[in-house]
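So the chains spell out like this:
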Amino acid sequence: MCRAVKSVLLLIAVASGVADQLFSSVMFADVAFPISSYQTFTYRIPTELRNQLAVGMRVRAPLGRRNLTGLVVACRQQSDFAGKIRSIKSLVDDLQVMDDHLWELLNWLSRYYLTPIGQVAKTAFPASLTTSYQPPSQLLAAFKSWGSDFETLQKRKPAQARLLQQLADHAERLPVTSLSGLASNPRGLCRKLADQGLVELTEQIKLPDATGFSFAPIDKEIDFSPAQQAILDKISPHLDTGEFHAALLHGVTGSGKTEIYIELVRQVLEQGQTAIMLLPEIALTPQIAGRFRAVFGETVALWHSKLTQSARAWTWRQICAGSFKVVIGARSAIFAPVRNLGLIVVDEEQEQSYKQESPAPRYHARDVALMRGKISGATVLLASATPSLESYYNQLQGKLDYLYLGERYGRASYPQVHVVDMNSEQEETGKAGLVISGLLQDKINQRLGAGEQVILLQNRRGYSPLLRCGDCGEVVMCPHCQLTLTYHRTHDNLQCHFCGFTRRQPPQFCDECQGNDLRLLGTGTQKVEDLLQSTFPAARIARLDLDSTRTGTQLTSTLEAFGQGKIDILLGTQMIAKGLDFENATLVGIINADTGMFLPDFRAGERVFQLVYQSAGRAGRHQKPGEVVVQTYNPDNPVIKQATRLDLKQYYNIALSERQELQYPPFSWIVRMELYGPDNNQVTRGAARVRKSLAAAEKGMEILGPAPCYREKLRNNYRWQIVIKSSKSQDPNGNRLHEYLHRNFPPDRDFKIPGRVRLQIDIDPVSLL
């Protein structure tokens, strides 16, 4: 049996800094697996692997009755365990993926996010990815000769003759599988023809196609403005120093941040280094990839969730082999095993999607990027038109170099913003539940008449978020979550957007009172799409949301069609609100700017401000003047007022003042402990037990709760939470809070809660919902 040995935290000191050292004389290895425990297990190293194995390498080894992928965290010459020690089965990778810097980053992740190193390794290097991956091959056939007697072949073996004739009609080689319409066994027949010298067969590796996730290369001459050049002059000297440098590039929408990214990457590649660029939304990937590939060609890799498994595996292998010098992708791209890293760009750094909610480690890719840059001696550039309050505050404190682009590139002007009070609009028209105001309708007609394009934002997918009984007021809820079901007209069903539960057909009668007055309330993108089609029947309309873009190619083709002028109105959720640049898009309409504003979360206002501000930035980005129509039921709300005035500084001053008064980030460190389970009583008692077990709060700390989460039940689990805040005035680096957590939840001891209750700890949560 394997033996559990010391926790990973004790092994880090042994393993640190030796990820590239081979251990030819060692006999045993300590392996961490992707399990919830910090325990590691000792294995014997087979003789044939002793010259290959190193700390930080992945192996296959038996654990119980299964063979699992684990990470080598230490190697040793002796073991003090007297029992039977099992052997490692094999190496996962045929070359060492991790260098010293990446190994140090994983250990930091384990410590900072209170996650066993095995789980961290699984997140950074999924078990399905390996450098030994070989793409499938296909058999190609080409005509070589008619032979000495083709007529006899036609009479005696007509299937072979048909294949030979087909190959002769094509100058290029044909996949043998494409000949299946001429014969039931084309592979066997082609081999027989090859044996006769009539056909030439070759095996060709079939590389996965990842080009569907990128626009065709977008050539664009870069002529830097004085403001852009000033930014480059400040950053460029740091690129070749080998020292960590972090900066916040705060550039208004349309100011030309992408051109700066490209120039910085060009300089880094000229110095023989590599670069990683993080994007928060897959919708941003095709356009950015097209720009980068026009400059850097096939050295650019794309990395995101829409890639097929074969494309992910092949891309991973090529990154490990050093074939790609630039990696563009979502949050997990921060773990790309590129060597000699010189630059990390985090575009739209304020986005919540950079935070991994589940499973552990619940890391924030922006913060991991900063730490990887620090470890690697690289430059890290955080960039946005609407920086997170944390980054904005950090530059005020001098922790980030502040770079500001305050004007749009070229002669582009800011759009004119119109605010529509939907309360007044409904009173004047007498139409309750009005979706498109008269002003927005008129503006759309004007732009379509001028041959220009329109972008409409409705940050809620589906048709209607509520199905309510008009007799008793009962709302149709998800049986697994304490949430309403959303009606989707395209499939005529009700869906839960959290657990995925589907009720195949909407009920005809109320489940509570059996009444038949069931009403669809609220507006989603599908309802807006129907209204647009009836109101503007001649317009070409496309919808972009999670339901309409199940694959990356669907997303890319829609965005490319809009860029080519084949779509007049592009409707979508927040995925179209930021980063996209279309020259002919001159009108942006925000259907309901209030969505999400009144959620009981300290970041709610910040998110709404950023979404409205960023959406407005899609209009008039080039020489054509742009307009924005913002529809709201709360025109006097400070968030809406400052966002529609495009007054970021004023709003951020208000928000920072509120955060400081309540001691929320960026003025404190925050940890969220969530307890969940299928029995509400057990969860309630478990939360009280955890709270009672916590040591007294230290000076500058505050413990809130336990209390039910806002979304009290999700996926059949009831949820309670405890929040700990640690003021930065007393704890500037968060060390005291981490020490407090380690004392209360030591990694070498499992924290047991009676019943079926589980505890998860989220460091630096982005939401308290």
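Just so you know, these numbers come straight off a predicted model, no measurement behind them.

Ranked by internal contacts, the top residues of the largest apolar core, which has 96 residues, are L105, L109 and V368. No other element matches helix α2 (residues 100-112), which puts 7 residues into this core. Those residues in contact with L109 that sit more than four places away from it in its chain are L114, V120, F335, Y363 and V368. M277, F562, F582 and L656 belong to the second-largest nonpolar core, a separate cluster that totals 75 residues.

What follows concerns helix α6 (residues 186-195). Regarding α6, the residues found buried are P186, L189, C190 and L193. An end-on view of α6 places all buried positions within 100° of arc, on one side of the element. Turning to α6, the residues buried within the fold contact β7 (137-143), α4 (150-156), α5 (158-168) and β9 (199-205). Directly beyond the C-terminal end of α6, a positive phi value near 80° is found at G197.

This model, assessed by the stated rule, comprises 26 salt bridges. Here R291 makes a salt bridge to E259, at a shortest N to O gap of 3.2 Å. Separated by 32 residues along the polypeptide, R291 in helix α9 (residues 285-296) and E259 in helix α8 (residues 257-270) bring together distant segments of the chain. Exposure class is identical for R291 and E259. Each is buried. The partner of R489 in a salt bridge is D530, with the nearest N and O atoms 2.9 Å apart. With a gap of 41 residues between them, R489 in the loop between β20 (486-488) and β21 (493-495) and D530 in helix α15 (residues 525-535) connect regions that are remote in the sequence. Given a relative accessible area of 46%, R489 falls into the partly exposed group. The class for D530 is partly exposed, based on a relative accessible area of 26%. The network of salt bridges with shared partners includes K443, R447, E452 and E627.

The rules behind each value
Residues numbered from 1 in each chain as written. Predicted model: local features only at pLDDT ≥ 70, side-chain atom pairs only at ≥ 80, totals over all residues. Heavy atoms only, no water. Core = buried A, V, L, I, M, F, W, Y, C linked by side-chain atoms within 4.5 Å. Buried < 20%, exposed > 50% of the residue type's maximum accessible area, 1.4 Å probe, protein only. Helix = DSSP H or I, 4+ residues; strand = E, 2+ residues; numbered from the N terminus. Contact = heavy atoms within 4.5 Å. Arc of directions from axis to C-beta. Salt bridge = Lys/Arg side-chain N within 4 Å of Asp/Glu carboxyl O.

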